[in-house]
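Topology and contacts: notes
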Amino acid sequence: MELETGRVTDRHPPFRYAALTRVWFSDTDAQGVVYYGRYLPYFDHARFEYQRHLGVLRQWVGDREFVMRAVVVEYEAPARFDDLLEVFVRTVRIGRTSVTTELAAYRVADDMLMCRSAQTVVLIDVATRRPVPIPDSYRAAIEAFEGRPLR
């Protein structure tokens, strides 16, 4: 069994999965708040844990890999050193070659929304760097967990 730093949750529907992360001193700027660029690694961590939980993380390692196509980030409130954040993640769309996820980071102590994001990744062939179709097994695992078709 592989350990996860995330969990299935119903705390913030429609999200069904979240991963925990802590704000380290190196994540903060001169103002003592999380440097805006540090949210992307928090979101990556949650997305990878979500994929690990669904058993699809290893499907795209090797001759195929996901690459980031688009990211939208909205900052809502400042997180500070040692805050524990719960980062929620869900898949909202699976296209022919792309997957779009939504993420939201909440401070655990007061359940305040800190930051949210929408991200689209594209599956590519590593050798050609061209898009390739999302495998049916990947789509099936995500749709089964999310409880609905994601086309």
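Scroll up to find the structure this text is about.
Below, the discussion takes up the sheet that holds strand E1 (residues 6-8). Across a sheet, strands are paired by hydrogen bonds formed along the backbone, either parallel or antiparallel in direction. Read across the sheet, 6 strands follow the order E1-E2-E4-E5-E6-E3 without closing on themselves; strand pairing throughout is antiparallel. The sheet terminates laterally at E1 and strand E3 (64-75), the two strands that pair on one side only. Ignoring strand direction, the axes of neighbouring strands in this sheet form an average angle of 25 degrees. Of the strand pairs in this sheet, E1 and strand E2 (residues 17-22) are connected by 3 bridges, and their pairing is antiparallel. Bridging from a neighbouring strand, Arg7 pairs with Ala18 of E2. Docked against the sheet, helix H2 (residues 136-146) engages E1, E2, E3, strand E4 (84-94) and strand E5 (98-107), running at close to 120 degrees with respect to E4.

A separate point is the pattern of salt bridges. Across all of its chains, the model carries 13 salt bridges by this definition. Two residues, Arg7 and Glu86, come together in a salt bridge whose shortest N-O distance is 2.7 Å. With Arg7 in strand E1 and Glu86 in strand E4, this pair connects stretches of sequence that are 79 residues apart. Overall, the relative accessible area of 1% leaves Glu86 in the buried class. Of the charged contacts in the structure, one is a salt bridge between Glu86 and Arg11, with a shortest N-O distance of 2.7 Å. Pair noted here: Glu86 is in strand E4 and Arg11 is in the loop between E1 and E2, with a separation of 75 residues, a long-range link.

Here is what the cut-offs are and how they apply
- Residues numbered from 1 in each chain as written.
- Predicted model: local features only at pLDDT ≥ 70, side-chain atom pairs only at ≥ 80, totals over all residues.
- Heavy atoms only, no water.
- Pairing = 2+ DSSP bridges.
- Helix = DSSP H or I, 4+ residues; strand = E, 2+ residues; numbered from the N terminus.
- Axes fitted to C-alpha atoms, helices over the stretch in contact; angles between N-to-C directions.
- Contact = heavy atoms within 4.5 Å.
- Salt bridge = Lys/Arg side-chain N within 4 Å of Asp/Glu carboxyl O.
- Buried < 20%, exposed > 50% of the residue type's maximum accessible area, 1.4 Å probe, protein only.

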